[in-house]
Amino acid sequence: MQKHILQEIIDSLHAQYLKNNDGEIATYIPELGKANPAHFGISLATKDGRIFETGDSDQLFTIQSISKPFTYGMALEVFGQEKVSQHVGVEPSGDAFNSIELESGTNRPFNPMVNAGAITVSSLLYQHYGDEALEVMLKRFSDAAGRELSVDEAVYESEARTGHRNRAIAHLLLNFGMVDENIEPALDLYFKQCSILVNCKDLAVMSATLSNLGKNPVTSKEVYEITCVRNMLSIMLTCGMYDYSGQWAYKVGIPAKSGVSGGVTAVVNRQLGLACYSPKLDSRGNSCRGIDACISLTNELGLHAFDCMNIGSSYLKVILEE
Ligand code: GLU
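Residues numbered from 1 in each chain as written. Predicted model: local features only at pLDDT ≥ 70, side-chain atom pairs only at ≥ 80, totals over all residues. Heavy atoms only, no water.

(A) Layout of the overall build of the protein. Each helix and strand in the protein was counted, giving 12 helices and nine strands. In terms of overall dimensions, the protein is globule-like: its C-alpha atoms have a radius of gyration of 18 Å, near the 20 Å expected for 322 residues. Overall size of the protein, expressed as C-alpha extent along the three principal axes, is 60 × 40 × 35 Å. In the protein, which comprises 322 residues, the share counted as buried stands at 57%. By sequence separation, contacts in the protein at least 24 residues apart represent 67% of the contacts at least 6 residues apart. As displayed, the protein has an accessible area near 13,000 Å², and 50% of this comes from carbon and sulfur atoms. When the 26 basic and 38 acidic side-chain charges of the protein are each reduced to a single mean position, those positions are 3 Å apart. (Helix = DSSP H or I, 4+ residues; strand = E, 2+ residues; numbered from the N terminus. Rg over C-alpha atoms; globule rule 2.2 N^0.38 Å. Buried < 20%, exposed > 50% of the residue type's maximum accessible area, 1.4 Å probe, protein only. Contact = heavy atoms within 4.5 Å. Areas by Shrake-Rupley, 256 points an atom, 1.4 Å probe, with all protein chains shown as cover. Lys, Arg positive; Asp, Glu negative; His and termini not counted. Charge placed at Lys NZ, Arg CZ, Asp CG, Glu CD.)

This is the structure we're talking about:
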């Protein structure tokens, strides 16, 4: 049987970029340093629930910062946009993800994709759900991925033991009244959320859920409210790729989020979710092979949201109907 064109494209991108050995594995969380630099997987999940995957797409890794848009969406649903925006802004920071800096004037974290913003969101979720927050979060992430997810205890412990900078951020947030005094449980929730184990396929389905107006296209479960999905995707487009977000929006032009363990996921609205995993990172903290593969894939398929003829959506529509 002839290979589907999407399978052909990802197989060829995988072969091409496997040769790229640039970058370094993140080691500031000691347990992450144990990742295998050879791993490289790519997955796509379409709006009609089809999965295309290649390479190490089943390899598990911790979700890290890719959790951030998904917890932000949960907080928006619980508290509403107005209340959440009193605690966290929506501006790109131009600073590193772990910067100990807040927006002047408001003292809010710049956005929910930097650690300060994500810790604030975890604190809000802890305020609402208390000790059940992790369970609720795991259930929501699992619904988005379409299978039951769990926490990698070794990474969680490694991160909790060494997360002094995140503790400092949390104390600064407390000083400005952005989080309440339950700092330790909020941080614990944040460390655990970052340590949730996923593979490329999970991330592709989670993104496909966002692309499909909040409904998981594989299981048909409604996971996120549409109004929140719009906000999640907007933040991913402007702030999702660390200090590369501007260039990403310019070159790739679709909402995305990356994490220090080497995952990248992106959303083609109404069409598909895609994900790459390879642990070697560039100087900005994005997966080297992941960035290469995403740039080529989006160019090849014309997926940029502002492509001159919007060929992305229409081309995909045609090939998905094949
Ligand atoms: N858990 C990591 C930290 O807080 C997440 C960083 C990331 O993936 O950007 O340092």
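There's plenty left to go through after this.
(B) Representation of the pattern of salt bridges. Summed over the entire model, instances satisfying the criterion amount to nine salt bridges. Note that E103 and R108 form a salt bridge whose closest N and O atoms lie 2.7 Å from each other. (Salt bridge = Lys/Arg side-chain N within 4 Å of Asp/Glu carboxyl O.)

(C) Seen up close, the site of the ligand. The environment of the ligand is formed by 13 residues, the closest being Y28, Q64, S65, E159 and Y242. For the ligand, an oxygen atom lies 2.5 Å from a polar atom in the side chain of S65. In this structure, an oxygen atom belonging to the ligand sits 2.9 Å away from a side-chain N or O atom of N166. Among the residues making up the shell around the ligand, the classes are represented as seven nonpolar, five polar and one charged. (Near = heavy atom within 4 Å. Polar contact = N/O pair within 3.5 Å; in protein donor to acceptor, adjacent residues only side chain to side chain. Nonpolar A, V, L, I, M, F, W, Y, C, P; charged D, E, K, R; others polar.)

(D) Region of interest: helix α5 (residues 153-162). Taken residue by residue, α5 has V155, Y156, S158, E159 and A160 as its buried positions. Where α5 is buried, its residues touch β4 (61-62), α6 (164-175) and α7 (183-194). N-capping of α5 is provided by D152, with a side-chain oxygen placed 3.0 Å from the backbone N of A154.

(E) Local environment of the layout of surface pockets. There is about 230 Å³ of room inside the second largest pocket. As for the second largest pocket, its lining consists of 20 residues, of which E31, L32, A35, F61 and Y277 are closest to the centre. (1 Å grid on protein atoms, 1.4 Å probe; cavity = no way out; pocket = protein on both sides within 12 Å on 5 of 7 lines; lining within 4 Å. Points joined across faces, edges and corners; volume = space filled by probe spheres on them.)

(F) Summary view of the packing of α5 against α7. Where α5 contacts α7, the two axes come as close as 8 Å, and the packing angle between them is 140°. On the basis of the axis angle, α5 is oblique to α7. The two elements α5 and α7 meet at a crossing, and its hand is right-handed. Residues Y156, E159 and A160 of α5 touch α7, and the partners they reach there are D188, Y190, F191, K192 and C194. Here the residues of the contact of α5 with α7 are counted per class, giving five nonpolar, no polar and three charged. (Axes fitted to C-alpha atoms, helices over the stretch in contact; angles between N-to-C directions. Parallel < 35°, antiparallel > 145°, perpendicular 65-115°, else oblique. Left-handed = near helix turned anticlockwise from the far one by under 90°.)

(G) Inspection of the packing of helix α2 (residues 67-87) against helix α4 (residues 133-145) at higher detail. In contact at an axis separation of 11 Å, α2 and α4 are set at 110° when each is read in the N-to-C sense. Compared by their axis directions, α2 and α4 come out roughly perpendicular. Here α2 and α4 pass one another in a crossing that is right-handed. Along the contact surface, α2 presents S67, F70, T71, M74 and E77, while α4 presents V136, M137, R140 and F141. Class assignment for the residues of the contact of α2 with α4 results in five nonpolar, two polar and two charged.

(H) Spatial organisation of the packing of aromatic side chains. In this structure the tally under the stated criterion is six aromatic pairs. Judged by centre distance (6.1 Å) and plane angle (55°), the rings of Y28 and F97 are tilted. On the criterion of sequence distance, the pair formed by Y28 in the loop between β1 (24-25) and β2 (41-46) and F97 in the loop between α2 and α3 (115-129) is long-range, its members being 69 residues apart. Taking relative accessible area as the criterion, F97 reaches 18% and is therefore assigned buried. On the numbers, 6.3 Å between centres and 50° between planes, the contact of F70 with Y224 is tilted. (Phe/Tyr/Trp six-rings, centres within 6.5 Å; stacked < 30°, edge-to-face > 60°.)

(I) Representation of the nonpolar core within the structure. Counting 61 residues, the largest nonpolar core has I63, F70, F141, L203, M206, L210 and Y224 as the members making the most contacts within it. Other than its neighbours up to four places away in sequence, M206 contacts I63, F70, F141, A144 and A145. Formed by 28 residues, the second largest nonpolar core is a distinct cluster that contains Y17, F52, L274 and L301. (Core = buried A, V, L, I, M, F, W, Y, C linked by side-chain atoms within 4.5 Å.)

(J) Highlighting the side chain of N286. With respect to the secondary-structure elements, N286 resides in the loop between β9 (280-281) and α11 (288-301). The class for N286 is buried, based on a relative accessible area of 0%. Polar contacts involving the side chain of N286 include one to the side chain of S258, which spans 2.5 Å. Other than its neighbours up to four places away in sequence, N286 contacts M241, Y242, Y244, S258, K280, L281 and I291.

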